[in-house]
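# Per-entry structural report
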Amino acid sequence: MGDSDIHMPARVSDKKRPAVIPGAAQGARKKLRMNEPLIGPNAERYCSSALASGWIGVEGPHVKQFEKQLARICGCSAACAVHSGTAACYGAMKALGVEEPSHQVLVPSFTCAACADAV
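These lines cover the structure that appears in this document, whether it is placed above or below. The structure displayed is predicted, hence computed values, not measured ones.

Here we take up the overall build of the protein. Scanning the protein from N- to C-terminus turns up 4 helices and 0 strands. Ordered by position from N to C terminus, the α and β elements of the protein give α-α-α-α. Burial status across the protein gives 11% buried among its 119 residues. In the protein, 26% of the contacts between residues at least 6 apart in sequence involve partners at least 24 apart.

Now for the layout of surface pockets. Empty space within the largest pocket amounts to approximately 500 Å³. If you trace the largest pocket, you find 18 residues lining it, with Y46, A50, H62, V63 and F66 closest to the centre. Those elements that place two or more of their residues in the lining of the largest pocket are α1 (41-53) and α2 (61-74). Considering every element that reaches the lining of the largest pocket, the biggest residue donor is α2, with 5 residues. A class-by-class count of the residues in the lining of the largest pocket yields 12 nonpolar, 5 polar and 1 charged.

For the rest of this paragraph, the subject is the environment of G85. The residue G85 is located in helix α3 (residues 85-95) in this model. G85 gets classed as partly exposed once you look at its relative accessible area, which sits at 47%. Counting along the chain gives 30 residues from G85 to C115, while the straight-line C-alpha distance between them is 8.3 Å.

This paragraph deals with the pattern of salt bridges. Summed over the entire model, instances satisfying the criterion amount to 2 salt bridges. Across the pair E67 and K64 runs a salt bridge whose closest N-O atoms are separated by 3.6 Å. Placement of both E67 and K64 in helix α2 is noted, with a separation of 3 residues, approximately one turn of the helix. Overall, the relative accessible area of 34% leaves K64 in the partly exposed class. Residues E99 and K94 are paired through a salt bridge, measuring 3.8 Å at the closest nitrogen-oxygen approach. A relative accessible area of 40% places K94 in the partly exposed class.

The rules behind these values
Residues numbered from 1 in each chain as written. Predicted model: local features only at pLDDT ≥ 70, side-chain atom pairs only at ≥ 80, totals over all residues. Heavy atoms only, no water. Helix = DSSP H or I, 4+ residues; strand = E, 2+ residues; numbered from the N terminus. Buried < 20%, exposed > 50% of the residue type's maximum accessible area, 1.4 Å probe, protein only. Contact = heavy atoms within 4.5 Å. 1 Å grid on protein atoms, 1.4 Å probe; cavity = no way out; pocket = protein on both sides within 12 Å on 5 of 7 lines; lining within 4 Å. Points joined across faces, edges and corners; volume = space filled by probe spheres on them. Nonpolar A, V, L, I, M, F, W, Y, C, P; charged D, E, K, R; others polar. Salt bridge = Lys/Arg side-chain N within 4 Å of Asp/Glu carboxyl O.

Just distances and angles here, no functional claims.
Spelled out as structure tokens, the structure:
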């Protein structure tokens, strides 16, 4: 978290850097920033705890608790966390039975490559 990292939200106590508004254009070229992370103190605590425990993959107590809570919220018997959006899209295609070359899948024209890669 260096001072030059414009992608990290400013802390409340950080007076030398203006607050970063997620999605706001930054710099001289004013590029539109996509998928700006918004990480609050609760997420920071969970990340610190996970790093300290050594569990930073798709296993571990935080992930298992997340899967249980998600399954409960969705009314399912189980949920499965994966390591990336591409893996999630690929798993959704498999779960829906999209496997044949004759199947047609629509993807947005303005998106990341992961949507089409999963198909």
